[in-house]
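# Topology and contacts: notes
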Amino acid sequence: MAAAAAGAASAELVIGWCIFGLLLLAILAFCWIYVRKYQSQRESEVVSTITAIFSLAIALITSALLPVDIFLVSYMKNQNGTFKDWANGNVSRQIEDTVLYGYYTLYSVILFCVFFWIPFVYFYYEEKDDDDTGKCTQVKMALKYTLGFVVICALLLLVGAFVPLNLPDNKNSTEWEKVKFLFEELGSSHGLAALSFSISSLTLVGMLAAIIYTAYGMSALPLNLIKGTRNAAYERLENTEDIEEVEQHIQTIKSKSKDGRPLPARDRRALKQFEERLRTLRKRERRLEFIENSWWTKFCGALRPLKIIWGIFFIFVALLFVISLFLSNLDKALHSAGIDSGFIIFGANLSNPLNMLLPLLQTVFPLDYILITIIIMYFIFTSMAGIRNIGIWFFWIRLYKIRRGRTRPQALLFLCMILLLIVLHTSYMIYSLAPQYVMYGSQNYLIESNMTYSDHRGNSSLSVPKRCDADAPEDQCTVTRTYLFLHKFWFFSAAYYFGNWAFLGVFIVGFIVSCCKGKKSVLERVDEDDSDLSDDEPSLYSV
């Protein structure tokens, strides 16, 4: 019987890993389509394209590892609180190590991408703009600029490695004993603290990106789907009226020189501006005509009710997320030990909708994992929407726009780097919403309960299952590997706590701004500085 149960469990695990493999293929296909959809057809470059696809895939795969981690620790136990027959000490340890090595690998790849590969490709492409620069010179200059990022990464790893999480017991120990203690701490953690400190530092940057882009995207994406875009025929009529008005201004200015007199400098400047404006309007006229007669426009019009339904669904998901985050943060403010502990609490004193919904969904496999996956993917897609709407800025200077079919390679690299950082912050956001679920999943453990029977004299001891929490014995409940990376350093947890309040504030402001804004044009915004705008690249705004 035990062999049959082990075989069945192994078969289920194989099926699970096959599904995970199919998910990886779907992620790669999505990344290829997404990058090809937004990259500029004129400035596409093989290395930057492959880097963008790979970085985006790593971001999505890392986000997919959280529900896998929760599933594996939950799958090892029965609902009655006992371990499954095949989940002995060695097997459970192997599963934990496999997930941990998965995190090690993905987080190391993220460090490599953020601190070396993406900066190198970015600077290499920047040097490529100079026609007089050779390949070797491009590589040398790119490596020189990338060296600064490598130094920062090395410093973060060193600081994380030698910041002791436990202090020596003997306060009178010598300096050599203190140094020896540091190396023993480093060896006992197998570099986990160093990697955790580096990832936590990047997560802090990802928190800032989530506050700016994700919070706004959560309000902008559903409202844009509900409001839709302006009618192409109506925009074309307005554009025709603008053309006629500009042509009248040009005729008025030119009429001043019919008798051969030269135009004043002021009129010449005005004439030049009107002629440039007329060229832009005629380009817009041709693009609007293309969109109005396009089959894609008619197809999107037929999908309009579906977009409204999706927009309403996304608003409900956003409200679920925001209300749960507010109640969770309020719980930490009222019941945690304060800033010195990083506002960490175990369990929930104030119930929030997500924390109540997940235990209910756990009774029907795999509804809870589907909900967690939906929230994670919604978090990522709203981040993409926020970056598209806001663009990439350096303080008050706008660096790049994300435009369909006209995004420069440098902008795509920035986009993927921002998404990598936001994905790192996603795990902590989910933990903030449902800490007990992220730590233990659906695990139960057995506790002794004394029961008194009316028909017998005396008491009887009975083992009853209880949901795993911080009071559970270590050998009865397995903590997810995600949790190990989240709370190594209390000061990061404190920063994340204040970041959650900022996230809620930006969401409210973004929601008000999105409600006040009118419908978007069927065209992406056409500015005079769009040098890569051409008539043979019509851009349909289909969001």
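Reading the values: rules and limits
- Residues numbered from 1 in each chain as written.
- Predicted model: local features only at pLDDT ≥ 70, side-chain atom pairs only at ≥ 80, totals over all residues.
- Heavy atoms only, no water.
- UniProt positions renumbered as here; feature names shortened; annotations may be inferred.
- Helix = DSSP H or I, 4+ residues; strand = E, 2+ residues; numbered from the N terminus.
- Buried < 20%, exposed > 50% of the residue type's maximum accessible area, 1.4 Å probe, protein only.
- Contact = heavy atoms within 4.5 Å.
- Areas by Shrake-Rupley, 256 points an atom, 1.4 Å probe, with all protein chains shown as cover.
- Axes fitted to C-alpha atoms, helices over the stretch in contact; angles between N-to-C directions.
- Parallel < 35°, antiparallel > 145°, perpendicular 65-115°, else oblique.
- Nonpolar A, V, L, I, M, F, W, Y, C, P; charged D, E, K, R; others polar.
- Phe/Tyr/Trp six-rings, centres within 6.5 Å; stacked < 30°, edge-to-face > 60°.
- Patch = residues over 30% accessible without salt bridge, like charges linked within 9 Å, V, L, I, M, F, W, Y side chains within 5 Å.
- Salt bridge = Lys/Arg side-chain N within 4 Å of Asp/Glu carboxyl O.
- Core = buried A, V, L, I, M, F, W, Y, C linked by side-chain atoms within 4.5 Å.
- Pairing = 2+ DSSP bridges.
- Arc of directions from axis to C-beta.
- Polar contact = N/O pair within 3.5 Å; in protein donor to acceptor, adjacent residues only side chain to side chain.

Under an unreviewed UniProt entry, the name given to the protein is Lysosomal cobalamin transport escort protein LMBD1, and the source organism is Bos indicus x Bos taurus. For the record of the protein, the UniProt heading Subunit (unreviewed entry) holds the text "Interacts with ABCD4; this interaction induces the translocation of ABCD4 from the endoplasmic reticulum to the lysosome. Interacts with ABCD4 and MMACHC; this interaction ensures the transport of cobalamin from the lysosome to the cytoplasm. Interacts with INSR, adapter protein complex 2 and clathrin heavy chain." One UniProt comment on the protein, placed under Sequence similarities (unreviewed entry), says "Belongs to the LIMR family. LMBRD1 subfamily."

Here the focus is the overall build of the protein. The secondary structure content of the protein amounts to 16 helices and 4 strands. Within the span of the protein, comprising 543 residues, buried residues form 46% of the whole. Long-range pairs, those at least 24 residues apart, make up 79% of the contacts in the protein with a sequence separation of at least 6. For the protein, the accessible surface area stands at approximately 28,100 Å², while carbon and sulfur atoms represent 64% of it.

Once that is clear, we can look at the packing of helix H10 (residues 304–335) against helix H13 (residues 409–433). In the contact formed by H10 and H13, the axes pass within 8 Å of each other and the chain directions differ by 70°. In terms of orientation, H10 lies roughly perpendicular with respect to H13. Note on element contacts: H13 touches H10 through Tyr428, Met429, Ser432 and Leu433, opposite Phe321, Ser324, Leu325, Ser328 and Lys332. Of the residues belonging to the contact of H10 with H13, the class tally is 5 nonpolar, 3 polar and 1 charged.

Tallied over the full model, the rule gives 26 aromatic pairs. Seen from their ring centres, Tyr122 and Phe414 are 5.4 Å apart, and the 80° between their planes marks the pair as edge-to-face. Placement of Tyr122 in helix H3 (residues 89–128) and of Phe414 in helix H13 is noted, with a sequence separation of 292 residues between them. The partly exposed category is assigned to Phe414, whose relative accessible area is 26%. Considering the side-chain rings of Trp310 and Phe313, the 5.8 Å spacing of their centres and the 80° angle between planes classify their relative orientation as edge-to-face. Of this pair, Trp310 and Phe313 both sit in helix H10, separated by 3 residues, roughly a single helical turn. Judged by its relative accessible area of 43%, Trp310 is partly exposed. Taken together, the ring pairs connect Phe112, Phe116, Trp117, Phe120 and Tyr124 into an aromatic cluster.

Together, Leu306, Ile309, Trp310, Phe313, Val364, Leu367, Ile370 and Ile374 line one region of the surface with nonpolar side chains, adding up to about 700 Å² of accessible area. Taken together, the elements giving at least two residues each to the nonpolar patch come down to H10 and helix H12 (367–390). The element that contributes the greatest number of residues to the nonpolar patch is H10, accounting for 4 residues. Turning to its location among the elements, Ile370 is positioned in helix H12.

One finds Phe321 and Phe503 to be the most contacted residues of the largest nonpolar core, which totals 113 residues. Those residues in contact with Phe321 that sit more than four places away from it in its chain are Met218, Ile375, Phe379, Met429, Leu433 and Phe503. Membership of the second largest hydrophobic core comes to 8 residues, among which are Ile243, Ile250, Ile253 and Leu271.

Attention now moves to the pairing of strand S2 (residues 397–400). Relative to S2, strand S1 (residues 392–394) is paired through 3 bridges, and the arrangement is antiparallel. From the neighbouring strand, Trp393 faces S2, where its bridge partner is Arg398. The loop that links S1 with its antiparallel partner S2 comprises 2 residues; one of these, Phe395, has a positive phi angle of about 60°.

Attention now moves to helix H11 (residues 353–362). Every buried residue of H11 is listed here: Leu354, Asn355, Leu358, Leu361 and Gln362. The arc that holds the buried residues of H11, viewed along the axis, is 130°, so those residues lie on one side.

Here the focus is the environment of Met439. With respect to the helices, strands and loops of the structure, Met439 is situated in helix H14 (residues 435–440). On the accessibility criterion, Met439 (5% relative accessible area) is buried. Once the C-alpha coordinates of Met439 and Thr480 are considered, the two residues, 41 residues apart in sequence, prove to be 5.4 Å apart.

Right, let's get into the pattern of salt bridges. Under the defined criterion, the tally for this structure stands at 3 salt bridges. Across the pair Arg236 and Glu285 runs a salt bridge, and its minimum N-O distance is 3.0 Å. Pair noted here: Arg236 is in helix H7 (residues 232–255) and Glu285 is in helix H8 (residues 265–292), with a separation of 49 residues, a long-range link. Arg236 sits in the partly exposed class, given a relative accessible area of 24%. Here Arg282 makes a salt bridge to Glu247, at a shortest N to O gap of 2.9 Å. Residue Arg282 is found in helix H8, and its partner Glu247 is found in helix H7; the two are separated by 35 residues along the sequence. By relative accessible area, which is 31% here, Glu247 ends up partly exposed.

Within the secondary structure, Gln39 sits in the loop between helix H1 (2–38) and helix H2 (46–75). At a separation of 2.8 Å, a polar atom in the side chain of Gln39 contacts the side chain of Thr49. The residues touching Gln39, leaving out its near neighbours within four places in the chain, are Ser44, Thr49, Gly405, Arg406, Thr407 and Leu412.

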